2 protein chains.
Amino acid sequence: MKKQYTCGTASVQFEEPVYFESCASVVGKKEGEGPLSDYFDMICKDPMFGSETWEAAESAMQKEAAALAVGKAGLTPKDIRMLFAGDLLAQTTASSFGTAGLEIPFYGLFGACSTMGESLSLGAMCIAGGYGEHILCATSSHFASAEKEFRFPLGYGNQRPLSATWTVTGSGACVLGCNPPSRPLSSDHMPLRDGDSCAVITGITTGKMVDYGLKDSLNMGGCMAPAACDTIYQNLFDFGRSPKDYDAIFTGDLGMVGQKILFDLLNEKGIDIRDRHQDCGLLIYDSDRQDTHCGGSGCGCAASVLTGYILPNIVKGKWKRILFVPTGALLSKVSFNEGDTIPGIAHAIVIEHMKL
Amino acid sequence: MKKQYTCGTASVQFEEPVYFESCASVVGKKEGEGPLSDYFDMICKDPMFGSETWEAAESAMQKEAAALAVGKAGLTPKDIRMLFAGDLLAQTTASSFGTAGLEIPFYGLFGACSTMGESLSLGAMCIAGGYGEHILCATSSHFASAEKEFRFPLGYGNQRPLSATWTVTGSGACVLGCNPPSRPLSSDHMPLRDGDSCAVITGITTGKMVDYGLKDSLNMGGCMAPAACDTIYQNLFDFGRSPKDYDAIFTGDLGMVGQKILFDLLNEKGIDIRDRHQDCGLLIYDSDRQDTHCGGSGCGCAASVLTGYILPNIVKGKWKRILFVPTGALLSKVSFNEGDTIPGIAHAIVIEHMKL
């Protein structure tokens, strides 16, 4: 039988690390006014990103993040073997009219707000499997295209309960590679490397769909927390680790309500991550000042916080090993209106600081 | 540098074959009245599949196909390491409420009608990479949920131009494995094996998005033909093959119009596949008798024809090597209404007859 690289029942531990060659983040005005303002590569004050529709705006933003990441790695789209991308829109059109247009062999994904985890998970397996030297992983969300897709027209000015999150206008893209990022060769060439330090993926845990029967689309943190709990627990179990083996555990967009539920659910399993848990949705906005209620959400939330804030700090050594766990709520307008539940999913990526 | 298994610029050639352990097909009444009637595992006369909405009907059908495939392989869902699935609905809810509920680690895909190619492509890479012993690949489409998603309410009774295709109500699922399917051990255990013969995946070509600027959603064959041409050409180039190296080349759902365009486009590149091309959309219905105009379409078209008709015949030796090329049109209601083009994508899978 073929040698298996599986670990536990839902994880893969890579024999050789998968390198982050580069990463890039592009966000909107509101995100650029938040606490992580200084970390993003590009803050665009025009919510239309120079386009004529909200959907085209999101596509332009996603394409920009992808192009930036490819350029920072010192590559061109022709050097990229595969692209894994997706977004929140019906039939993932932000990606079809965004990064998919780069003429890179393309796998379209739908994992709701867990998409950055899904794309890194598949990208890392493909790099480790020897199916390409450079693989691009990207995703995006846009406040206005998401409101239009899932909720109310913006002009309607609906009220939002405190459990609601604010969809991040943002995109993140990473180039994964089988070789360490090189030293910078020019001012455009900005590989994800600091001296001899870089960031690598050493393992993944694939999420399962978890459905606790919740139906409130204005409390998505609550819908996704059980999936985050399931994946974090599975990761610790599969790798034989405890929370202290991670310097930080980042969920995607649980927000304040979802975070509390996650703590309670993990507590029932005898696991306490309170001293090392952070949520990208809570990091990206100053909720009191920016009136974002429960926090940020959307594929672009975890993606822009990962590429803007988390990865560069791992390279600098702020954290030696983290667990990145973006969470997705698997609903559509139709499933919601037909009274279906909102199942969740979360994919975990083990990211480590490495000295070359 | 890590050993690469890449082949040409967009393909992977596997060192060891990836085995089809089992496959299953479930279709609706109309498909059960077509020329392939005798080949499907299950024909359900109730278009609601015992459910209360069209979306739930599609989910039930997809789950049934997946459960059948897992059972035929002599496995339970717990034995399956990963599931790759997707469908045509917004936010792929047919899969979220279908196979994703099987509690298998899950990667959600969106590749429109190319999804069976996308799922087999990723599933085969993961089996060959040693990331699991058994991987499930599934997809579905349903005439009524697709009409509701993309076109008009059924009760409106709109007229269809002759270039329009008919969305197949059908689902297909395959279990891929790193070991050959065993001999049948009981009446429920129906692995995809005939004596010492089986079917294997030996290579893949990942599709790129191809956009010729067409905007007619009632001529999707025309929109997807350029992508089929691109992927078939790339496959031949990457593997150094000519059409005669394949006993048959099956596209997904180009229909009559798309088939003609594909022949013309390939002809411009000096390639003639007319004597060995078949289209799943043309195989599944008797267009004159069943009033399906240009042919069948939808994720479930290529998937049910592959799992019902193509794979069992490869095992029997009717074809020794084929190229399976499902095609997808990357549009949404919103992108169409905003006047966007309809880009296409096609993923190619090299499937061979093998003697054990």
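The structure we're discussing is the one just above.
Because the structure is predicted, anything quoted here is derived from the model rather than measured.

On a plain count of helices and strands, chain A comes out with 11 helices and 17 strands. Taken over the C-alpha trace, chain A has a radius of gyration of 19 Å; the compact-globule value for 356 residues is 21 Å, and the two agree within 12%. Here chain A, with 356 residues, has 66% of them falling under the buried criterion. If you take every contact in chain A between residues at least 6 apart in sequence, the share linking residues at least 24 apart comes to 78%. Here chain A has roughly 11700 Å² of accessible surface; of this, 50% comes from carbon and sulfur atoms. Distance between charge centroids for chain A: 4 Å, based on 29 positive and 40 negative side chains.

Put simply, the two copies of the chain differ by a rotation about an axis and a shift along that axis. Overlaying chain B with chain A gives an RMSD of 0.0 Å, the required rotation being 180 degrees about an axis along which the chain moves by 0.0 Å. Expressed as a symmetry operation, the mapping of one chain copy onto the other fits a two-fold axis. Mapped onto chain A, 100% of the interface residues of chain B are again interface residues, and the two copies thus contact each other with one and the same surface.

Another point: helix 7 (residues 255-268) of chain B. Residues that lie three or four places apart on an α-helix share one face, since the helix turns once every 3.6 residues. Residues and elements named next belong to chain B. The first and last C-alpha atoms of helix 7 sit 20 Å apart over 14 residues, in line with the 20 Å expected at 1.5 Å per residue. In this fold, the buried residues of helix 7 make contact with helix 6 (220-239), strand 11 (248-251), strand 12 (277-279) and helix 8 (280-284). Just past helix 7, the residue Gly270 takes up positive phi, approximately 80 degrees.

Tallying the contact residues gives 71 residues for chain B and 71 residues for chain A. Between chain B and chain A, a total of about 5400 Å² is buried, with carbon and sulfur atoms accounting for 61% of that surface. Here chain B and chain A share two salt bridges between them. Lys148 of chain B is the salt-bridge partner of Glu338 of chain A, the closest N and O atoms lying 2.9 Å from each other. On the surface where chain B and chain A come into contact, there are 36 residue pairs in polar contact (both at pLDDT 80 or more). Residue composition of the side of chain B that touches chain A, by class: 34 nonpolar, 23 polar and 14 charged.

Residues and elements named next belong to chain A. Here Glu103, not a glycine, exhibits a phi torsion of approximately 60 degrees, which is positive. Relative to the assigned elements, Glu103 resides in the loop between helix 3 (93-96) and strand 5 (106-109). A relative accessible area of 57% places Glu103 in the exposed class.

All names here are of chain A. In this fold, Glu58 is placed in helix 2 (residues 54-72). Notably, Glu58 is buried but unbridged: the nearest opposite-charge side chain belongs to Lys148, and the N-O separation is 10 Å. A polar atom in the side chain of Glu58 sits 2.6 Å from the side chain of Ser145. Look past the residues within four positions of Glu58 in its chain and what remains in contact with it is Asp87, Leu89, Ala94, Ser140, Ser141, His142 and Ser145.

Moving on to the state of the cysteines. Cysteine pairs can be covalently joined through their sulfur atoms, and such a bond is termed a disulfide. Enumeration according to the criterion identifies zero disulfides over all chains in this entry. The cysteine Cys137 of chain A is free of any disulfide, with Cys174 of chain A supplying the nearest cysteine sulfur at 6.5 Å. Take Cys301 of chain B: it sits in no disulfide, and the sulfur closest to it among the cysteines is that of Cys280 of chain B, at 5.6 Å. By relative accessible area, Cys301 of chain B is classed as buried at 0%.

Next up on the list: the side chain of Thr169 of chain A. Residue and element names in this part refer to chain A. Relative to the helices and strands, Thr169 resides in the loop between strand 7 (166-167) and strand 8 (170-177). Polar contacts involving the side chain of Thr169 include one to the main-chain amide nitrogen of Phe143, which spans 3.0 Å. Excluding its chain neighbours within four sequence positions, the residues that come into contact with Thr169 are Val27, Gly28, Glu31, Phe49, Met61, Ser141, His142, Phe143 and Tyr285.

Cut-offs and rules
- Residues numbered from 1 in each chain as written.
- Chains lettered and ligands numbered in written order.
- Predicted model: local features only at pLDDT ≥ 70, side-chain atom pairs only at ≥ 80, totals over all residues.
- Heavy atoms only, no water.
- Helix = DSSP H or I, 4+ residues; strand = E, 2+ residues; numbered from the N terminus.
- Rg over C-alpha atoms; globule rule 2.2 N^0.38 Å.
- Buried < 20%, exposed > 50% of the residue type's maximum accessible area, 1.4 Å probe, protein only.
- Contact = heavy atoms within 4.5 Å.
- Areas by Shrake-Rupley, 256 points an atom, 1.4 Å probe, with all protein chains shown as cover.
- Lys, Arg positive; Asp, Glu negative; His and termini not counted.
- Charge placed at Lys NZ, Arg CZ, Asp CG, Glu CD.
- Least-squares fit on C-alpha atoms with pLDDT ≥ 70 in both.
- Expected span 1.5 Å × (residues − 1).
- Buried area = accessible area lost by both parts, 1.4 Å probe.
- Salt bridge = Lys/Arg side-chain N within 4 Å of Asp/Glu carboxyl O.
- Polar contact = N/O pair within 3.5 Å; in protein donor to acceptor, adjacent residues only side chain to side chain.
- Nonpolar A, V, L, I, M, F, W, Y, C, P; charged D, E, K, R; others polar.
- Disulfide = S-S within 2.5 Å.

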